[in-house]
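So you can see what is in the structure, the chains are spelled out below.
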Amino acid sequence: MKEYLLARQKMVDAALDHYLPKANAKPATIHKAMRYSLFAGGKRLRPILCLAAAECCGGDPAEALPLACAVECIHTYSLIHDDLPCMDNDDFRRGMPTSHKVFGEGIAVLAGDALLTFAFELAARVPGWPRYSPRDVIRELAVASGSRHLIAGQVIDLESEGKKVSLPRLKFIHESKTAALLRCSLRLGAMSANATPARLQRLSDFGLALGLAFQVIDDILDVTQTTEKLGKSAGKDAAAEKATYPSLVGLERSRRTARRLTEQARTALKPIGKPAADLLTLADHLLQRDF
Ligand code: GRG
């Protein structure tokens, strides 16, 4: 798995480097800022899932690359904006000072905007496939990152600060903020392989359960790991009295929930058999992760 992940990270990094405007393209500040956050050492989980979904559906991962990179651009934009003083106000991300600490708030906002916009430029590169047009793909990205999913999660999160949050509300925040983009990564990979509607649905169900498990584990790691290990400020949720799975149901029940969700994700892929092997291994790997 280690070698597989490393090879996929390299493939994604090379593609991002190829697609993105060069650091000295005018105006250099914005392109430097976009590249700074994009190449700060993210795990590339979403693009890796996108490529694995393409393979699971019999496709060529190279065809999914622009979409895998588009999702990573959207993910990175959301991190830059989330770290801003008006949002989560964080100084440290991916083991480096956050964008606004290096470039100032104005450029950080614009770097996030530019990455979000660039994602759609990348998505517009795909030729389309018999079952899925470029329009379908672009809509998929827009819906996952828009006001009913990624932004919805952030809004409810902001509005929940300092309030008692119920478990269903927390699940909604996690599904919107985290799981929707993970699911979108898998769906885009499947679409690039011209997946049947039935297989697309299976990957979608896998993505939603895996995405929620991923966020529950993220909540657990915030309590149990160090800042050095995570590459972002540990213990921040508790310090900000944020609702998380551990704060609502405790660490042990959170761990059980993560295991149950991972099993639910695995079940969604069972009928696919051997072609889903890499995705199943990835799900187990994410459950065991410690950063
Ligand atoms: C500001 C529009 C806007 C949205 C913010 C995604 C998000 C919503 C906030 C970021 C902080 C957060 C708790 C996100 C949840 C998803 C998550 C666990 C992100 C970290 O993902 P990793 O671990 O990060 O894959 P790397 O750095 O490895 O890519």
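Scroll up for the structure.
Description of the structure in this document. Numbers given for residues are sequential positions, taken from 1 along each chain in its written order. Where local features are concerned, this predicted model is filtered to residues with pLDDT of at least 70; where side-chain atom pairs are given and counted, the filter is 80 or more; whole-chain, interface and lining totals use all residues. With hydrogens and water stripped out, all remaining heavy atoms of the structure feed into the side-chain values.

**A word on the packing of helix 9 (residues 167-192) against helix 10 (residues 197-224)**
Step number 1: All axes here are fitted lines through C-alpha atoms, helices being fitted over the stretch that makes contact, and every angle between N-to-C directions spans 0 to 180 degrees. The helix and strand labels rest on DSSP assignments: H or I over at least four residues marks a helix, E over at least two residues marks a strand, and numbering proceeds from the N terminus. Two elements in contact, helix 9 and helix 10, have axes separated by 7 Å at closest approach and are oriented at 140 degrees. By the angle between their axes, helix 9 is oblique relative to helix 10. Read as a crossing pair, helix 9 and helix 10 show a hand that is right-handed. In this structure, helix 9 uses Lys-171, His-174, Glu-175, Thr-178, Ala-179, Leu-182, Arg-183, Leu-186, Arg-187, Ala-190 and Met-191 to contact helix 10, whose residues at the interface are Leu-200, Leu-203, Ser-204, Phe-206, Gly-207, Leu-208, Leu-210, Gly-211, Leu-212, Phe-214, Gln-215 and Asp-219. What sets the label is the angle itself: under 35 degrees gives roughly parallel, over 145 gives roughly antiparallel, 65 to 115 gives roughly perpendicular, and the rest give oblique. Left-handed is the label given to a crossing in which the near helix is rotated counterclockwise from the far helix by less than a right angle, and right-handed is the label when the rotation is clockwise. Residue contacts follow a heavy-atom distance rule, with two residues in contact if any of their heavy atoms lie within 4.5 Å.

**Concerning the pattern of salt bridges**
Step number 1: Whenever Lys or Arg places a side-chain nitrogen within 4 Å of a carboxyl oxygen from Asp or Glu, that contact is recorded as a salt bridge. Tallied over the full model, the rule gives 17 salt bridges.
Step number 2: When the shortest N-O distance is used, the salt bridge between Glu-72 and Arg-94 registers 3.1 Å. In this pair, Glu-72 sits in helix 4 (residues 61-82) while Arg-94 sits in the loop between strand 1 (92-93) and strand 2 (96-97), placing the two residues 22 residues apart along the sequence. Per residue, the accessibility class of Glu-72 equals that of Arg-94, and both read buried.
Step number 3: The network of salt bridges with shared partners includes Asp-13, Arg-44, Glu-72 and Arg-94. Throughout this description, buried means an accessible area under 20% of the type-specific maximum (1.4 Å probe, protein chains only), exposed means over 50%, and partly exposed covers the range between.

By themselves, these observations are geometric and do not establish any function.
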